[in-house]
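Structural overview
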Amino acid sequence: MSADTLATARPAVELEGITKRFPGVVANHDIRITVRPGTVHAIVGENGAGKSTLMKILYGMQKPDEGTIRVNGEEVSFRTPSDAIEVGIGMVHQHFMLADNLTVLENIVLGAEPKKFARLDTAFARRRITELAESHGLRVDPDKLVEDLGVGDRQRVEILKVLYRGARILILDEPTAVLVPQEVEELFQNLRELKSEGLTVIFISHKLDEVLGIADEITVIRRGTTVASVDPGDVTARQLAELMVGSELPTPETRESTVTDVVTLKIGNLTMGADGHRPGADPAKLREEGRRLLLDDVSFEIHQGEILGIAGVEGNGQSELIEAIMGIRPAHGTIELAGQDISGWSTLRRRESGIGYIPEDRHRQGLLLEASLWENRVLGHQTRKPARRGIWVNRRASRADTQRIVEAYDVRTPGVDTLALALSGGNQQKLIVGREMSGEPKFLIAAHPTRGVDVGAQAAIWDHLRDARAAGLAVLLISADLDELIGLSDTLRVIYRGRIVAALDPTDITPERLGGYMTGAIAGTEES
Amino acid sequence: MPAGLNRALLTVVGAVVAIVLAIAISSVAIIAAGADPVAALTAFFDFGASERSVSNNIAAFLNRSVPLFISGLAVAVGFRMNLFNIGVEGQYRLAAIVAAYVGSTFTAPAPIQIAVIVVVAAAVGGLYALIPAVMKVTRGVNEVIATIMLNYIAINLTSFLVRGPFAGERAEGQLTTTTPKLGESAMFPNINFIFDWFGQPPPTRGGGVWGFLLLAVVLGVVVWAVLERTRFGFGVKASGLNGPAALASGVDPRKMIIAAMVMSGAIAGLIGLPEILGDRGAFNSNFTAGLGFLGIAVALLGRNKPVGIAFAALLFAFLDRAQGALQIAEVPASVVTIIQGVIVLLVVVANEVTNRLALRLEERRAAQQLGSNTPVEVAA
């Protein structure tokens with residue numbers, strides 16, 4: 001089908017004047033989108049622009065305050081997602097909603113089980129799934145347990161799950177966020193096949209290169225409203241980004257090198273077994289016995305003024321590495337901070353001696369959501385000035401210092417007594433960055449420092465990291481955002497199955513090649 | 001700080017609604033029992049006809065609230081960091097008998113003797129709570145199960161001690177066994193003088209209003225200061241709100257568990273003292289039981305905050321006091337237990353509701369003040 005014939009067809013989805021008011025979040029305001037059938041329609045916008053809210057409205061998870069939704073020309077009103085499924089709209093969530101201990105087949109039919117005499121009709125389900133998988137080129141093994149699948153496979157299961165329920169319009173919410181470049185290409189191949197079968201795909205993303213590679217049409221959302229509808233042939237990634245942000249675009253590039261030859265952090269032969277830590281055990285022996293190792297002989301050095309980036313698919317030992325350095329999980333090997341062996345120290349002592357920590361999941365490890373901002377400022381600094389006054393917490397000094405962070409790091413908040421949960425993700429993150437930069441740290445662990453924050457906050461956080469680096473801070477940067485890794489790091493290491501498999505030069509690497517190392521597709525040759 | 005005031009106001013409203021609802025629901029139970037709910041309600045406020053009996057009833061009400069308050073504090077210290085010390089019951093009984101016995105073995109000037117008894121009680125309670133704490137830290141034994149089991153041991157151990165090694169002389173015709181009587185210097189002076197201020201006759205029963213009330217108030221202030229103002233209290237709060245974050249911030253969860261549990265147990269150790277030092281002068285085999293379990297309800301009702309616990313203890317004592325008056329009004333006295341149970345259930349629900357409401361309001365307020373739709377300028 002050519003684009004001309006499509007233009008005359010009734011739109012698959014038509015949103016008109018969608019408005020949704022919300023406290024605390026960017027609401028949707030007068031959204032207008034027309035999605036033609038049999039196309040991949042991308043919706044782009046920075047984090048917090050209102051994409052997710054819009055998709056929740058389209059999938060019946062939330063009701064719009066104003067506006068109309070038309071599907072295949074008919075006006076609809078959804079109260080629950082099942083209403084949306086009824087008219088053929090399916091959603092593949094950013095975070096997979098699969099039961100790990102069930103097989104692929106069981107996951108796909110879960111909630112829509114074909115029954116024969118009150119029993120699951122496995123034969124029928126298997127036939128249906130194989131049929132769907134073959135006609136759309138989505139290869140899966142229906143009998144495998146989901147817990148044994150990789151991320152890409154899980155995503156295909158999610159897509160099949162939606163197709164199994166008869167969806168003709170698929171919403172994919174940031175489907176590439178968890179994939180490495182090779183898997184992204186595979187996903188796109190799948191999407192093209194779905195399109196050729198006449199299905200409609202609504203693709204939400206903020207990764208512009210990918211959007212330009214797959215979309216037939218692009219709608220840009222900024223601050224909750226649709227600002228432009230463009231043809232991917234007519235725009236460059238940069239123009240698109242400027243539409244998204246509405247101004248000049250920040251880049252994560254570091255300028256001149258500030259690396260010195262003073263070693264701040266030295267990690268030596270760090271090894272961690274998967275099945276508990278025994279203090280006296282010999283790492284070499286563990287390896288010989290063929291035990292699973294979460295960290296396997298990891299060694300590196302970080303110098304003053306250096307940012308060392310660790311690239312890797314999530315779950316390859318990054319979290320374990322961080323927790324070993326922080327003293328949260330025991331490991332074999334040596335950790336030296338400024339020439340001192342700290343491997344026997346408590347977390348508190350490590351923090352006191354100048355380690356800052358921006359955790360990967362700020363809600364889990366970084367914040368007390370139901371406590372005030374100033375109490376969150378005290379967290380991790382409870383034994384140091386200004387938070388400490390003998391056995392007491394110095395409330396006045398803590399408040400004052402929180403005010404300093406709020407101003408210096410541009411944390412948008414009504415005051416320092418506000419509860420942390422009332423702040424948006426970007427502002428929470430800025431508070432954490434401000435806190436961890438306080439007390440003159442020597443070494444900072446920054447795990448996904450800009451995950452889930454808007455472009456403005458992202459640029460600010462990058463600036464703060466660069467400034468601190470120039471002032472002599474050593475930084476261990478762990479990120480899933482390859483542009484961020486390549487742009488900020490002075491040195492790159494790739495971690496794969498708990499091992500450092502490559503040392504790379506960030507000035508001389510593409511995201512694609514980096515992805516190859518991360519998946520183990522390119523064997524570990526030391527390049528740097 | 002209007003945000004905090006808002007939250008406090010919501011809490012109070014929630015508690016009042018819960019209590020009113022509880023009375024309504026209990027009325028149904030009273031009618032079902034064939035009694036008159038209005039008669040029951042009036043019975044709660046019936047403090048007797050003569051001035052003397054009013055004084056006596058007020059004293060009984062205040063005296064009942066003191067151990068309930070201390071018990072609530074003990075439970076709350078654990079609750080604040082999601083540590084469920086169900087063992088307060090055993091801790092206070094064991095502490096009470098040991099303290100009563102040790103106190104009876106010597107005489108010293110009153111302040112010293114009382115101080116020694118208090119310290120012994122706190123030490124015994126704290127040490128007994130140390131057992132489940134150590135089990136949890138080293139072997140991961142759930143503290144709920146450990147403390148429940150230790151309750152049985154403590155309760156049976158006390159009944160053995162009061163009959164055997166710690167038994168004093170039994171008076172002629174007495175069926176209860178008791179520890180040796182404390183000397184006069186060990187008795188905590190009463191505070192009946194407050195009745196003079198209001199021109200009322202002093203109470204004559206149960207040793208008057210126990211002076212331990214003042215010590216309980218001091219204890220409440222100290223617990224409040226420790227939990228709300230010290231670094232230790234901050235660690236407790238952080239561990240309770242978000243364990244992984246506390247761990248990553250250098251709060252050692254093992255130390256916190258041991259410290260909080262021992263503190264909880266030490267406070268629990270004091271629960272029996274008001275009665276021993278204020279009235280009985282000994283621990284006997286029909287010593288008031290169940291205070292530890294009531295403390296759980298009191299702590300829940302008071303939302304683990306000393307001020308809230310004080311109000312909850314007063315409310316429970318107020319209801320408990322009416323047992324006699326209810327029987328005179330021909331209402332089954334177990335109505336009191338029903339009302340207490342219903343209040344606790346409803347307050348737990350109300351807490352959850354007001355908590356969510358407060359958080360929602362806070363979010364909305366923050367969003368409003370910031371103007372949620374103001375564009376975020378981008379630093380280039």
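Quantities reported herein were computed from a predicted structural model and do not represent experimental measurements.

1. So, the overall build of chain B
Tallying secondary structure elements over chain B gives 16 helices and zero strands in all. Relative to the globule expectation of 21 Å for 380 residues, the C-alpha radius of gyration of chain B, 23 Å, shows essentially globular dimensions. Projecting the C-alpha coordinates of chain B onto the three principal axes gives extents of approximately 90 × 55 × 40 Å. Long-range pairs, those at least 24 residues apart, make up 76% of the contacts in chain B between residues at least 6 apart in sequence. A total of about 17200 Å² of accessible surface is found on chain B, and carbon and sulfur atoms cover 68% of it. Taking the 24 positively charged and 19 negatively charged side chains of chain B as two groups, their mean positions are separated by 9 Å.

2. Focus: the domain arrangement of chain B
Reports often express the size of an interface as the amount of accessible area lost when the parts come together. All names here are of chain B. On domain assignment, one finds that chain B holds domain 1 (1-46 + 322-372) and domain 2 (66-318). Computed from C-alpha coordinates alone, the two centres of domain 1 and domain 2 are separated by 26 Å. If you look at the interface, domain 1 gives 13 residues, while domain 2 gives eight residues. Summing both sides of the interface, domain 1 and domain 2 together bury roughly 940 Å²; the carbon and sulfur share of this comes to 66%. Its largest share of buried area at the contact with domain 2, domain 1 owes to Gln340, Val344 and Asn351, together 42% of the area lost on that side. In this assembly, domain 1 and domain 2 are joined by two residue pairs in polar contact (both at pLDDT 80 or more). Put simply, the parts of the chain that give the side of domain 1 that touches domain 2 at least two residues each are helix H1 (2-32) and helix H16 (335-370). For the side of domain 1 that touches domain 2, the leading source of residues is H16, giving eight residues. Classifying every residue of the side of domain 1 that touches domain 2 gives eight nonpolar, five polar and no charged.

3. A closer look at the packing of aromatic side chains
All names here are of chain B. All chains considered together, the criterion is met by ten aromatic pairs over all chains. Taken together, a centroid distance of 5.1 Å and an interplanar angle of 65° make the contact between Phe79 and Phe84 edge-to-face. Residue Phe79 is classed as buried on the basis of its relative accessible area, which comes to 12%. In this structure Phe84 comes out as partly exposed when scored by relative accessible area, which is 36%. The interplanar angle of 5° and the centroid separation of 4.1 Å between the aromatic rings of Tyr101 and Phe166 together place this pair among those described as stacked. Within this pair, whereas Tyr101 is found in helix H4 (residues 88-104), its partner Phe166 is found in the loop between helix H6 (143-163) and helix H7 (193-197), the two being separated by 65 residues in sequence.

4. Quick look at helix H5 (residues 122-136) of chain A
Working note: α-helix, 3.6 residues per turn, so residues spaced by three or four point in the same direction. Residues and elements named next belong to chain A. Taking 1.5 Å as the rise per residue, H5 with 15 residues should run 21 Å; its terminal C-alpha atoms sit 21 Å apart, in good agreement. Among the residues making up H5, those that are buried are Ala125, Ile129, Leu132, Ala133 and His136. Down the axis, H5 shows its buried residues gathered within 95° of arc, on one side only. Of the residues in H5, the exposed ones pointing more than 90 degrees away from the buried face are Arg127, Glu131 and Glu134. Where H5 is buried, its residues meet helix H4 (104-109), helix H6 (151-164) and helix H7 (181-196). Gly137 lies just past H5 and shows a positive phi near 65°.

5. Digging into the UniProt feature "transmembrane region" (unreviewed entry) in chain B
Residue and element names in this part refer to chain B. As annotated by UniProt and renumbered to match this structure, "transmembrane region" (unreviewed entry) occupies residues 58-79, 114-131, 143-162, 207-227, 257-277, 283-302 and 335-354. Between the C-alpha atoms that bound residues 143-162 the distance is 27 Å, and the span itself is 100% helix and 0% strand. A distance of 31 Å separates the end C-alpha atoms of residues 257-277, which is 81% helix and 0% strand.

6. Comments concerning the sheet that holds strand E22 (residues 474-478) of chain A
Residues and elements named next belong to chain A. The strand order E18-E21-E22-E15-E23-E24 describes an open sheet built from six strands, whose pairing is mixed. A strand with exactly one partner marks an edge of an open sheet, and here the two such strands are strand E18 (355-358) and strand E24 (499-504). Taking each pair of neighbouring strands and ignoring which way they run, the sheet shows an average axis angle of 20°. Note that E18 and strand E21 (residues 443-447) share four bridges and pair parallel.

7. Side note on unusual backbone geometry
Residues and elements named next belong to chain A. At the junction of Lys385 and Pro386, the peptide bond is cis and its omega measures out at 0° in the coordinates. Mapped onto the fold, Pro386 is located in the loop between helix H14 (373-378) and strand E19 (388-389). Its identity as a non-glycine residue notwithstanding, Asp30 has a phi of 50°, on the positive side. Summarising the element assignment, Asp30 is placed in strand E2 (residues 28-35).

8. A look at the sheet that holds strand E13 (residues 263-273) of chain A
Residues and elements named next belong to chain A. Spatial ordering of the open sheet is given by E14-E13-E16-E17, a layout of four strands whose pairing is antiparallel. Each edge of the sheet is formed by a strand with only one pairing partner; in this case those strands are strand E14 (293-303) and strand E17 (340-341). With two bridges joining them, strand E16 (residues 332-337) and E17 adopt antiparallel strand pairing. Its bridge partner lying in E17, Leu337 is registered against Gln340.

9. A short note on the pattern of salt bridges
Scanning all chains against the criterion turns up 30 salt bridges over all chains. Taking the shortest distance from any N to any O, the salt bridge between Arg351(A) and Glu436(A) comes out at 3.2 Å. Highlighted residues: Arg351(A) in helix H12 (residues 347-352) and Glu436(A) in helix H16 (residues 425-437), separated in sequence by 85 residues. With respect to class, Arg351(A) is no different from Glu436(A); both count as buried. One salt bridge in this structure joins Glu275(B) and Arg280(B), with 2.5 Å as the shortest N-O distance.

10. A short note on the pairing of strand E4 (residues 66-71) of chain A
All names here are of chain A. In terms of strand pairing, strand E1 (residues 13-20) meets E4 through five bridges, oriented antiparallel. Note that in E4 the partner of Glu16 across the bridge is Thr68. Of the strand pairs in this sheet, E4 and strand E5 (residues 74-76) are connected by three bridges, and their pairing is antiparallel. Considered in E5, the bridge of Arg70 is made with Glu75. Once E4 ends, the chain turns through two residues before running back antiparallel as E5, passing Asn72 with a positive phi of about 50°.

What counts, and at which threshold
- Note that residues are indexed from 1 along each chain, following the sequence as it is written.
- Whichever chain is written first is A, and whichever ligand is written first is 1; the rest continue in order.
- Confidence filtering applies because this is a predicted model: local features only for residues at pLDDT of at least 70, side-chain atom pairs given and counted only at 80 or more, and all residues used for totals across whole chains, interfaces and linings.
- Excluding hydrogens and water, the side-chain values take into account all heavy atoms of the structure.
- Secondary structure elements follow DSSP: runs of H or I of four or more residues count as helices, runs of E of two or more count as strands, with numbering from the N terminus.
- Computation of the radius of gyration draws on C-alpha atoms, with the globule rule given as 2.2 Å multiplied by the number of residues to the power 0.38.
- When checking whether two residues touch, look at their non-hydrogen atoms; a contact exists if any pair is within 4.5 Å.
- All accessibility values rest on the Shrake-Rupley procedure with a 1.4 Å probe; residue burial counts only the protein chains present in the view.
- When charges are counted, Lys and Arg contribute as positive and Asp and Glu as negative, whereas His and the chain ends are disregarded.
- Where a charge lies is defined by one atom per residue type: Lys uses NZ, Arg uses CZ, Asp uses CG and Glu uses CD.
- As used throughout, domain bounds are those supplied by an automatic or database domain assignment.
- Buried area is understood as the total, over both parts, of accessible area removed when two parts are fitted together, assessed with a 1.4 Å probe.
- Here a polar contact is taken to be a pair of N or O atoms separated by no more than 3.5 Å, where protein atoms must pair a possible hydrogen donor with a possible acceptor and residues adjacent in sequence count only if both atoms sit in side chains.
- Three classes are used: nonpolar for Ala, Val, Leu, Ile, Met, Phe, Trp, Tyr, Cys and Pro, charged for Asp, Glu, Lys and Arg, and polar for all others, with Gly counted as polar.
- In this scheme Phe, Tyr and Trp rings, the latter by its six-membered ring, pair at centre separations within 6.5 Å, and the angle between planes marks the pair as stacked below 30 degrees, edge-to-face above 60, and tilted otherwise.
- The buried label goes to any residue with under 20% of its type's maximum accessible area, the exposed label to any with over 50%, and the partly exposed label to all in between, with areas taken from a 1.4 Å probe on protein chains only.
- One less than the residue count of a helix, multiplied by 1.5 Å, gives the span that helix is expected to have.
- Each C-beta atom gives one direction from the helix axis, and the arc is the one those directions make.
- UniProt positions are given in the numbering used here, feature names are shortened, and annotations may be inferred rather than shown by experiment.
- Any two strands between which DSSP finds at least two bridges are classified as paired.
- Angles shown run from 0 to 180 degrees and are taken between the N-to-C directions of axes, each axis being a line fitted to C-alpha atoms and, for helices, limited to the stretch in contact.
- Should a side-chain nitrogen of Lys or Arg be within 4 Å of a carboxyl oxygen of Asp or Glu, the pair is scored as a salt bridge.

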